[in-house]
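What follows is each chain in one-letter form.
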Amino acid sequence: MAEVLDVGVRLVTVVAAFLVLPLIVGQMEHKAMAHMQSRLGPMYAGGFHGWAQLIADGVKFVQKEDVIPAAADRRVFAIAPAVALVPYLIVMVVIPVGPGLVGVDLDAGLFFVLAVMGIGVLGSIMAGWASANKYSVLGGIRSAAQLMSYELPLVLAASSVAMAAGTLSLEGIAEQWRWWWLPWQAVGAVVFFVSGLAELRRPPFDMPIAESEIIMGPMTEYTGIRFALFMLAEYVGIVVLSALTTVLFLGGWQGPLLPGPVWTLIKVFALAFVVIWVRVSYPRLREDQLQKLAWVGLVPLALLQLALTGVVKVLIA
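Here goes a summary of the coordinates provided.

Rules used in this analysis
Residue numbers run consecutively from 1 along every chain, following the written order of its sequence. Thresholds applied to this predicted model are a pLDDT of at least 70 for local features of residues and 80 or more for the giving and counting of side-chain atom pairs; totals over whole chains, interfaces and linings are not thresholded and use all residues. Excluding hydrogens and water, the side-chain values take into account all heavy atoms of the structure. What makes a nonpolar core is a set of buried Ala, Val, Leu, Ile, Met, Phe, Trp, Tyr and Cys residues whose side-chain atoms join them at distances within 4.5 Å. Accessible area is worked out with a 1.4 Å probe on protein chains only. A residue is then buried under 20% of its type maximum, exposed over 50%, and partly exposed in between. Counting from the N terminus, the helices are DSSP H or I runs at least four residues long and the strands are E runs at least two residues long. Cavity means a closed set of points on a 1 Å grid over the protein atoms alone, one where a 1.4 Å probe fits but cannot get out, pocket means an open set with protein on both sides within 12 Å along at least 5 of 7 lines, and lining means a residue has an atom within 4 Å of a point. Grid points are joined across faces, edges and corners, and a volume is the space filled by probe spheres set on the points. Note on residue categories: nonpolar means Ala, Val, Leu, Ile, Met, Phe, Trp, Tyr, Cys or Pro, charged means Asp, Glu, Lys or Arg, and polar means any other residue, Gly included. In this scheme Phe, Tyr and Trp rings, the latter by its six-membered ring, pair at centre separations within 6.5 Å, and the angle between planes marks the pair as stacked below 30 degrees, edge-to-face above 60, and tilted otherwise. Put simply, a charge is over a ring when the Lys NZ or the Arg CZ is close to the ring centre, within 6 Å, and near the line of the ring normal, within 35 degrees. Contact between two residues is taken to exist if any of their heavy atoms lie within 4.5 Å; hydrogens are not considered.

Attention now goes to the nonpolar core. Ile-95, Leu-110, Leu-170, Phe-192, Val-240, Leu-244 and Leu-248 are the most contacted members of the largest nonpolar core, which has 81 residues in total. By residue number, the principal contributor to this core is helix 11 (residues 224-249), which donates 16 residues.

Written as structure tokens, this is what we have:
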């Protein structure tokens, strides 16, 4: 009975984090972009510092009509938002926030996370194909191209830190982490974070939803709650990317004075702010610039980090 209760508590905690943390990140983005770009709505909605902006957005999505194009593949169109969202919930189950504070500690947790995260982009591809809209199809194709380009540097950078720690367990990697890994694994951390932004299709890597070119890409034909689920998937993806970067490259819960889970949340929200900051600061890349950054820039850097990690491990041994 105690074991069942323990599993239940862990699952409820993961679901609560899945529902709450992305909303906090969304509100943080509203506030940050309002200050950085002088956006009036998020500054004043509801009165004190625009506290009601997120609530207003939620009410707006609930009230909108759920429209499915007549020529669309209705089944694929309907399940695409869930395919984009659910993989991030599964990933959160294996991300530790403190010693022993993890839904499930898998021995091959890093492989599991990388494999499941790649499924999320299928939601965009399915949405684009099923919408019977040429702009949506183009957005889906761009999503697939980004996945293929940035999955390799993402995996190579994660492999480097796994090699350094000598384990594929996320909790084990966080336990093995030492402060002097920061300069040693800095290149891998940057490659991992940038590749993760590209896989999330966050600016400046948002070519699949380039409004000036293809309206809203795979989401062009989506309205109401289905569209809101795609938005929620984006913010959950930010939380997952920030949490993985924290566990792999920033020591997870390690830090002075404060409890471990508090340090994890501080690092996660600091990285989420960087994601928002990058969105505000940099213009969208062209498709050729996107591919060049991946294959000419990030892949060689990831291989260099992997080689450096091998050399350091041999020297330490």
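Past the structure itself, the notes keep going.
We now examine the layout of surface pockets. Approximately 870 Å³ is the volume found for the largest pocket. Lining the largest pocket are 33 residues; nearest its centre among them are His-30, Asp-57, Phe-61, Met-231 and Tyr-235. Residue assignment for the lining of the largest pocket shows that the elements contributing at least two residues are helix 1 (2-37), helix 3 (53-63) and helix 11. When its residues are assigned to classes, the lining of the largest pocket shows 18 nonpolar, four polar and eleven charged.

The next thing to look at is the packing of aromatic side chains. For any pair of aromatic rings, the description consists of the separation of the ring centres together with the inter-plane angle of the planes. Counting across every chain of the model gives nine aromatic pairs. The rings of Phe-77, Tyr-222 and Phe-230 are connected pair by pair, giving a single aromatic cluster. Directly above the aromatic system of Trp-177 lies the positively charged group of Lys-267, at a separation of 6.0 Å from the ring centroid.

Its place among the elements puts Val-262 in helix 12 (residues 260-281). As a C-alpha pair, Val-262 and Glu-211 span 51 residues in sequence and 38 Å in three-dimensional space.

Further remarks concern the environment of Ala-2. Topologically, Ala-2 is positioned in helix 1. Ala-2 sits in the exposed class, given a relative accessible area of 63%. As for Ala-2 and Trp-277, which are separated by 275 residues in sequence, their C-alpha atoms are 44 Å apart.

Attention now moves to the environment of Val-240. For Val-240, the position within the fold is in helix 11. C-alpha of Val-240 to C-alpha of Val-113: the two residues are 127 residues apart in sequence and 9.8 Å apart in space. Setting aside its immediate chain neighbours within four residues, Val-240 contacts Tyr-88, Val-91, Met-92, Ile-95 and Met-117.

Across all of its chains, the model carries two cavities of 30 Å³ or more by this definition. Size it by volume and the largest cavity reaches roughly 200 Å³. Lining the largest cavity we find 16 residues, and of these Ser-124, Leu-200, Arg-201, Phe-230 and Glu-234 sit closest to its centre. Mapped onto the lining of the largest cavity, the elements with two or more residues apiece are helix 4 (74-92), helix 5 (109-130) and helix 11. Class assignment of the residues belonging to the lining of the largest cavity gives a composition of eleven nonpolar, three polar and two charged. Estimates place the volume of the second largest cavity at around 40 Å³. Looking at the second largest cavity, the residues that line it are Tyr-88, Met-117, Val-121, Gly-196, Glu-199, Leu-200 and Arg-201. Those elements giving two or more residues to the lining of the second largest cavity turn out to be helix 5 and helix 9 (186-200). At three residues, the largest contribution of residues to the lining of the second largest cavity is made by helix 9. Counted by class, the lining of the second largest cavity contains four nonpolar, one polar and two charged residues.

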